[in-house]
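Structural features, examined
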Amino acid sequence: MTGQRRMTGSFASVRNNGYAWRWPALVLLLASACDPREITIDPALAQFDGLYRGTVTNDQTGGACSGAGGIIKFEVTGGQISVQTHHHANRLAGTVDADGAVYMQTGDGSRQISGSIQNGVLSALETSSSTSNQNPFASATPPCSSTVKATRIS
């Protein structure tokens, strides 16, 4: 075998553009860059971490706004917030800043939640429409709004 390396064992080389990489060296390099002991969370953000459970109450009735409302659950970790739901297409995710201000939206922008967390209570307004970032001319119906109130449970 002239000009080729034979790949054997767990320390086999992989040729990439003329450079041979050893898997153990690559694994060590990646592991050292992702050491969880060196990750620090801003204490101002960590104060909001936890699970929140509450209700969504419709501000309007009838038409496109009917049917929404009920129980809602949020998870906050390190300044990131998301709604716990099994509907991946309507997943709301966003941020919590150091003052407790919350902003979330769906991937297509058709739903937003904005508000704040104060003393373990998330208070916000949810707005939704059938209009999205992908097709801003899709709907002639007015947006719906709901009041969100959730308390930290853990």
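Residues numbered from 1 in each chain as written. Predicted model: local features only at pLDDT ≥ 70, side-chain atom pairs only at ≥ 80, totals over all residues. Heavy atoms only, no water.

Let us look at the overall build of the protein chain. Of regular secondary structure, the protein chain possesses 2 helices and 10 strands. The order of helices and strands in the protein chain, counted from the N terminus, is β-β-α-α-β-β-β-β-β-β-β-β. Out of the 154 residues in the protein chain, the part that is buried amounts to 25%. Within the protein chain, contacts between residues separated by at least 24 positions form 39% of all contacts whose residues are at least 6 apart in sequence. Approximately 10300 Å² of the protein chain is accessible, and the part contributed by carbon and sulfur atoms is 55%. (Helix = DSSP H or I, 4+ residues; strand = E, 2+ residues; numbered from the N terminus. Buried < 20%, exposed > 50% of the residue type's maximum accessible area, 1.4 Å probe, protein only. Contact = heavy atoms within 4.5 Å. Areas by Shrake-Rupley, 256 points an atom, 1.4 Å probe, with all protein chains shown as cover.)

To continue, consider the nonpolar core. The biggest cluster of nonpolar side chains holds 18 residues, and the ones touching the most others in it are Y52, F74, I81, M104, I117 and L122. Contributions of two or more residues to this core are made by β3 (50-58), β4 (70-77), β5 (80-83), β6 (92-96), β7 (101-106), β8 (111-118), β9 (121-128) and β10 (144-152). With 3 residues, β4 is the largest single contributor of residues to this core. When residues no more than four places from it in sequence are discounted, the contact partners of Y52 are I72, K73, F74, V76, I117, G120, L122, A150, T151, R152 and I153. (Core = buried A, V, L, I, M, F, W, Y, C linked by side-chain atoms within 4.5 Å.)

Reading around the circumference, β3-β4-β5-β6-β7-β8-β9-β10 is the order of the 8 strands in this closed barrel, with antiparallel pairing throughout. If you compare each strand with its neighbour and ignore which way they point, the axes differ by 25° on average. Examined bridge by bridge, β9 and β10 share 8 bridges and lie antiparallel to one another. Looking at β10, one finds that A124 is bridged to V148. (Pairing = 2+ DSSP bridges. Axes fitted to C-alpha atoms, helices over the stretch in contact; angles between N-to-C directions.)

Looking now at the pairing of β10. As judged from the 7 bridges shared by β3 and β10, these two strands associate in the antiparallel manner. Considered in β10, the bridge of T57 is made with T147.

Inspection of the secondary structure assignment puts G78 in the loop between β4 and β5. Look past the residues within four positions of G78 in its chain and what remains in contact with it is I41, L45 and D49.

For the rest of this paragraph, the subject is the confidence of the model for the protein chain. Atom-level detail of predicted coordinates should not be read off regions where pLDDT is low. Averaged over all residues, the pLDDT of the protein chain equals 75, while 57% of them reach at least 70. The model gives residues 9-23 a pLDDT under 50, and that stretch makes 21 contacts with residues more than four places away or in other chains. (pLDDT = per-residue confidence, 0-100.)

Taking every second residue as pointing to the same face, the buried face of β7 carries V102, M104 and T106, while none of A101, Y103 and Q105 on the other face is buried. Where β6 meets β7, 5 bridges bridge the pair, whose relative direction is antiparallel. Across the sheet, residue L92 finds its bridge partner in β7, namely T106. Connecting the antiparallel pair β6 and β7 is a turn made up of 4 residues, with G100 showing a positive phi of about 95°. For β7 and β8, the ladder comprises 5 bridges, and the chain directions are antiparallel. Within β8, the residue paired with Y103 across the bridge is S114. Where β7 hands over to β8, the hairpin turn is made up of 4 residues, of which G109 adopts a positive phi near 80°.

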